Amino acid sequence: MKPFVYTGQPARVVFGAGSLAQLVPEIERLGARRALVLSTPEQRASAQDVASRLGDRCAGIFDRAVMHVPIEIAREARAEAKRLDADCAVAIGGGSTTGLGKAIALESDLPILAIPTTYAGSEMTPIYGITEGVAKKTGRDARVLPRTVLYDPTLTLSLPTRLSATSGMNAIAHAAEGLYAQDANPIMALIAEEGIRALALGLPQVVAHPSDLDARGDCLYGAWLCGTVLGSVGMALHHKLCHTLGGTWNLPHAETHTIVLPHAIAYNEVAAPDAMTRIARALNARSAALGLYELAQKLNAPLALKDIGLPESAIDEAARLATTNPYYNPRPVTFEPIRELLRRAWAGLVPAA
Ligand code: NAD
């Protein structure tokens, strides 16, 4: 076995249908008395439910979380936390809301209790991102890792099927790339494979029967594991491509991951055989890349970048940007094959090994 370094992340997880009922004891456990509740405008009702459960432990609600944490919103939320003398933030929602909590914690050390309602996995990572103008600055800081995470699958019953599918594929992307990360380790490999297996089992059932609570539980469990991988080891080509496409052409986050993933995995198929064996096994498929493409098909998820707003004329520029300062990747990242990868992903073709 190769030598490795493993660092555990110190989050506490309370998992299960109905675990939202544990909110007050968990807040008390953090020693907090005045929680600022965060949400998107669309999830205001969930934030209000959280606030009423908290009773006089709720300092207020800030319901203006949006995708990619614009600096102006982060500043307003930080000022609101200060004004209300909050001693903790409760983030109910997806990666955008958790991201806002992280932006507050980054400057105040306020503990975050996260209640995830998508499969993005941000609640398990010390990674933050703040957007200033068109540039998104990301970094790692232990202060932003939520202290407690309440995973309650009942809160995901309202997640629309398309977002469930793409958010789940986004989670799988974290685990898949974690398997061939530069700092990969056997513990993360176990977690990654189990995370992919749970999502591959749960997602088709969720898409067919959105109110199946057991399947929702499988997906949320898988999302937790995949998020843990993202928080622990580095990412590679797939994440670089998605950050490039999302950042430059403002493509929707989870959809972009869903479309690019089978192609990025195909690109690395020969260079990372052990990772591919694990991914294929977790998907119960013949090949990792084809298995991911077929899973996206089964979920009726988008398969082509042209269908989510990328113009064909952007392919060359995207390939140039993605091959400039590339992340670590098991196979060298060079212009021509990356352009071909993007061309296939743009058209929605089957991934080429
Ligand atoms: P999101 O948080 O932007 O949510 C998308 C929409 O779905 C929002 O309107 C939200 O209110 C709504 N929604 C969420 N849960 C719902 C539910 N159960 N029912 C009904 N509606 C619901 O989407 P996301 O994909 O979870 O997060 C994407 C963002 O998270 C991106 O900015 C991405 O960069 C970031 N992210 C960060 C990390 C990290 O480690 N820092 C990891 C993954 C994603």
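Not measured: the values here are computed from a predicted model.

> I tried to follow the pairing of strand S4 (residues 88–93) on my own but got confused; where do I start?
Look at any regular strand and the pattern is simple: side chains alternate between the two faces of the sheet. Of all 6 residues in S4, 6 are buried, a share of seventy percent or more. Burial along S4 is two-sided: Cys-88, Val-90 and Ile-92 facing one way and Ala-89, Ala-91 and Gly-93 facing the other are all buried. In this sheet, S4 lies alongside strand S2 (residues 35–38) in parallel orientation, the contact comprising 4 bridges. Bridge pairing in S4 links Val-37 to Val-90. Of the strand pairs in this sheet, S4 and strand S5 (residues 112–116) are connected by 5 bridges, and their pairing is parallel.

> Please clarify how the packing of helix H9 (residues 253–267) against helix H13 (residues 335–347) should be interpreted in this entry.
To describe two helices that pack against each other, one gives the angle between their axes and the distance between the axes. For the pair H9 and H13, the least separation of the axes is 9 Å and the interaxial angle reads 145 degrees. Note on packing geometry: the crossing formed by H9 with H13 is right-handed. For the pair formed by H9 and H13, the contact residues are Ile-259, His-263, Ala-264 and Tyr-267 on the first element and Pro-337, Ile-338, Leu-341, Arg-344 and Ala-345 on the second. When the residues that make up the contact of H9 with H13 are grouped by side-chain class, the tally is 7 nonpolar, 1 polar and 1 charged.

> Explain the site of the ligand here, please?
Residues in close proximity to the ligand total 23 residues, the closest being Thr-40, Ser-96, Thr-117, Thr-118 and Thr-125. Here an oxygen atom of the ligand and a side-chain polar atom of Thr-40 are 2.6 Å apart. Between the ligand and the protein, one listed contact pairs a nitrogen atom with a backbone N or O atom of Leu-155 at 3.0 Å. Starting from 860 Å² of accessible surface for the ligand in isolation, the protein chains cover 84%. Of the residues forming the shell around the ligand, the biggest block, 3 residues, is contributed by helix H4 (residues 95–108).

> Sorry if this is basic, but what is going on with helix H8 (residues 237–249) here?
An α-helical turn contains 3.6 residues, so a residue and the one three or four places further along point in the same direction. For H8, spanning 13 residues, the distance from its first C-alpha to its last is 18 Å, which sits close to the expected 18 Å at 1.5 Å a residue. Of the positions making up H8, those classed as buried are Leu-237, His-238, His-239, Lys-240, Leu-241, Cys-242, Thr-244, Leu-245 and Gly-246. Where H8 is buried, its residues touch helix H5 (161–178), helix H7 (213–232), H9, helix H12 (315–323) and H13. Among the residues trailing H8, Asn-250 stands out with phi positive, at a value near 55 degrees.

> Which parts of the structure should I look at to understand helix H11 (residues 288–298)?
The set of residues buried in H11 consists of Ala-288, Ala-289, Gly-291, Leu-292, Tyr-293, Leu-295 and Ala-296. Contact partners of the buried residues in H11: H5, helix H6 (186–208), H9 and helix H10 (273–283). N-capping of H11 is provided by Ser-287, with a side-chain oxygen placed 3.5 Å from the backbone N of Ala-289. Looking at the residues trailing H11, positive phi occurs at Asn-300, about 55 degrees.

> Would you mind showing me how to read the domain arrangement of the chain here?
Interfaces are often described in size by the accessible area the parts lose on coming together. Here the chain is partitioned into domain 1 (12–156) and domain 2 (161–347). Computed over C-alpha atoms, the centres of domain 1 and domain 2 are 26 Å apart. Of the residues lining the interface, 19 residues belong to domain 1; the matching set on domain 2 comes to 22 residues. Taken as a group, Phe-15, Tyr-119 and Met-124 account for 37% of the area that domain 1 buries against domain 2, more than any other trio of residues on that side.

> What should I look at first to understand the nonpolar core in this one?
Note on soluble globular proteins: their nonpolar side chains tend to be buried together. Membership of the largest hydrophobic core comes to 51 residues, with the highest contact counts inside it found for Tyr-119, Ile-172, Ile-196, Ile-265, Ile-279, Leu-292 and Leu-299. Mapped by element, the contributors of at least two residues to this core are strand S8 (148–151), H5, H6, H7, H9, H10 and H11. No fewer than three residues from each of domain 1 (12–156) and domain 2 (161–347) sit in this core. Core analysis: the second largest hydrophobic core is formed by 25 residues, Phe-62, Ile-73, Ala-77 and Ala-81 among them.

> Just to check I follow, could you spell out unusual backbone geometry for this structure?
Excluding glycine, residues mostly have negative phi values, and the peptide bonds linking residues are mostly trans. Here His-68, not a glycine, exhibits a phi torsion of approximately 70 degrees, which is positive. In this fold, His-68 is placed in the loop between strand S3 (58–62) and helix H3 (71–83). A positive phi angle, close to 60 degrees, is found at Asp-85, a residue other than glycine. Relative accessible area serves as the criterion here: at 54%, Asp-85 is assigned to the exposed category.

Quick notes on the rules
Residues numbered from 1 in each chain as written. Predicted model: local features only at pLDDT ≥ 70, side-chain atom pairs only at ≥ 80, totals over all residues. Heavy atoms only, no water. Buried < 20%, exposed > 50% of the residue type's maximum accessible area, 1.4 Å probe, protein only. Helix = DSSP H or I, 4+ residues; strand = E, 2+ residues; numbered from the N terminus. Pairing = 2+ DSSP bridges. Axes fitted to C-alpha atoms, helices over the stretch in contact; angles between N-to-C directions. Left-handed = near helix turned anticlockwise from the far one by under 90°. Contact = heavy atoms within 4.5 Å. Nonpolar A, V, L, I, M, F, W, Y, C, P; charged D, E, K, R; others polar. Near = heavy atom within 4 Å. Polar contact = N/O pair within 3.5 Å; in protein donor to acceptor, adjacent residues only side chain to side chain. Areas by Shrake-Rupley, 256 points an atom, 1.4 Å probe, with all protein chains shown as cover. Expected span 1.5 Å × (residues − 1). Domains from an automatic or database assignment. Buried area = accessible area lost by both parts, 1.4 Å probe. Core = buried A, V, L, I, M, F, W, Y, C linked by side-chain atoms within 4.5 Å.

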